[in-house]
Amino acid sequence: MGAGPTIDDRDVLLVVDVQTDFCPGGALPVAEGDAVVPVVTRLAERFRHVVLTQDWHPPDHRSFASVHAGRAPFEAVTFDYGPQVLWPDHCVQDTPGAAFHPGLVIPHAALVLRKGFRRDIDSYSAFFENDRRTPTGLGGYLRERGFDRVVVVGLAFDFCVRWSAEDGRAAGFDVVVVEEGCRGIDLDGSVAATRDALVSQGVRLIDTW
Ligand code: VGL
Ligand code: ZN
């Protein structure tokens, strides 16, 4: 038993992008990204309902700096749908880097939601692609399953965790982010900005559960 709030049948754990490429040694490593693996694995044992997301890009995905002549990874650009960071090639469909970290053991996860598979649009959020309009279907799934609280952990805190938490809240779910189960990329202060944004939008941030 953990020390945190009681977990019941209306709670779902959303595990965001705990994939090899986001861990040290991967293509887009998040500092200490692998440190979330045991935390998330243990937390998941206490949830009956778990959903995993998996960043899953075609090899020529438009978020990759490599497909834009003269651009470097981590540059900020503007696409037709708004601001976009250009990334190193990562989480290419069916490559080892796109696999879940081998230490992540959540056999009872009911759904693996892949995102970012359309070549011309990135998808940080588990709910909407980066145009903020194209739904992934997760909102409908969670509502139909009767969940009312979404507990979010994973990588990276300031990108896919942030966007997923914000969209979950906007969709009407209670949203809790457990920071011990997250690590961030931190571009230009984005970790601090994420904390402020989440709190101001009514997402509960807790250190541990
Ligand atoms: C992510 C950058 C690019 C994430 C995914 O999972 O936070 N970040 N693709
Ligand atoms: Zn990605």
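Computed from a predicted model, the values in this text were never measured in an experiment.

1. Describing the UniProt feature "domain: Isochorismatase-like" (unreviewed entry) in the chain
No. 1: On the UniProt side, "domain: Isochorismatase-like" (unreviewed entry) is annotated at positions that read residues 12-197 here.
No. 2: For residues 12-197, helix accounts for 21% and strand for 22%, while the C-alpha atoms at its two ends are 22 Å apart.

2. Some points on the sheet that holds strand β1 (residues 11-16)
No. 1: Read across the sheet, six strands follow the order β5-β2-β1-β6-β7-β8 without closing on themselves; strand pairing throughout is parallel. Since the sheet does not close on itself, it has two edges, and those belong to β5 (111-115) and β8 (204-206), each with one partner. Neighbour-to-neighbour, the strand axes of this sheet turn through a mean angle of 25 degrees, independent of strand direction.
No. 2: As paired strands, β1 and strand β2 (residues 50-55) are joined by four bridges and run parallel to one another. Its bridge partner being in β2, V15 is matched across the sheet by L52.

3. Focus on the pairing of strand β7 (residues 174-183)
No. 1: The buried fraction of β7 amounts to seven of the 10 residues, a majority that puts the element mostly inside the structure.
No. 2: Relative to β7, strand β6 (residues 149-155) runs parallel, the two being bridged by six bridges. In the strand pairing of β7, V152 is matched with V177.
No. 3: In this fold, the crossover linking β6 to β7 by way of helix α3 (residues 157-170) has right-handed handedness.
No. 4: Two elements, β7 and β8, share three bridges in a ladder whose sense is parallel. Note on β8: the bridge partner recorded for V176 is R204.
No. 5: Regarding topology, helix α4 (residues 190-200) serves as the crossover connection from β7 to the parallel β8, and that connection is right-handed.

4. Side note on the environment of V176
No. 1: Among the secondary structure elements, V176 is positioned in strand β7.
No. 2: Between the alpha carbons of V176 and G97 there is a distance of 28 Å; along the sequence they are 79 residues apart.
No. 3: Those residues in contact with V176 that sit more than four places away from it in its chain are R149, V151, R204 and I206.

5. Remarks on α3
No. 1: Among the 14 residues that make up α3, 12 are buried, leaving the element largely enclosed by the rest of the structure.
No. 2: F157, D158, F159, C160, V161, R162, W163, S164, A165, E166, D167 and G168 are the residues of α3 that are buried.
No. 3: The elements touched by buried residues of α3 are β1, β6, β7 and α4.
No. 4: Backbone geometry just downstream of α3 places G172 in the positive-phi region, at approximately 100 degrees.

6. Describing unusual backbone geometry
Both trends apply: most residues other than glycine have a negative phi, and most peptide bonds are in trans.
No. 1: Note that the residue after L155, namely A156, is joined by a cis bond; omega there is -15 degrees.
No. 2: As for its placement among the helices and strands, A156 is situated in the loop between β6 and α3.
No. 3: We note that D17 has phi near 55 degrees; this positive angle belongs to a residue other than glycine.
No. 4: In this fold, D17 is placed in the loop between β1 and α1 (36-45).

7. Remarks on the nonpolar core
No. 1: L14, V15, V152 and V177 are the most contacted members of the largest nonpolar core, which totals 51 residues.
No. 2: Those elements that provide at least two residues to this core are β1, α1, β2, α2 (138-144), β6, α3 and β7.
No. 3: Counting residues per element, this core draws most heavily on α3, which supplies six residues.
No. 4: Apart from the residues lying within four places of it in its own chain, the contact partners of L14 are V51, A126, V150, V151, V152 and S164.

8. Here's the deal with the packing of α3 against α4
No. 1: Across the interface, α3 lies against α4 with an axial gap of 10 Å and an inter-helix angle of 15 degrees. Here α4 runs roughly parallel to α3, going by the angle between their axes. Judged by the sense of rotation from one axis to the other, the crossing of α3 with α4 is left-handed. Touching F157, D158, R162 and A165 of α3 are S190, V191, T194, A197 and L198, all from α4.
No. 2: Residue classes in the contact of α3 with α4 are distributed as five nonpolar, two polar and two charged.

Thresholds applied
Residues numbered from 1 in each chain as written. Chains lettered and ligands numbered in written order. Predicted model: local features only at pLDDT ≥ 70, side-chain atom pairs only at ≥ 80, totals over all residues. UniProt positions renumbered as here; feature names shortened; annotations may be inferred. Helix = DSSP H or I, 4+ residues; strand = E, 2+ residues; numbered from the N terminus. Pairing = 2+ DSSP bridges. Axes fitted to C-alpha atoms, helices over the stretch in contact; angles between N-to-C directions. Buried ≥ 20, exposed ≤ 12 C-beta atoms within 10 Å, placed from the backbone. Right-handed = clockwise from strand over helix to strand, strands pointing away. Contact = placed C-beta atoms within 7 Å. Core = buried A, V, L, I, M, F, W, Y, C linked by C-beta atoms within 7 Å. Parallel < 35°, antiparallel > 145°, perpendicular 65-115°, else oblique. Left-handed = near helix turned anticlockwise from the far one by under 90°. Nonpolar A, V, L, I, M, F, W, Y, C, P; charged D, E, K, R; others polar.

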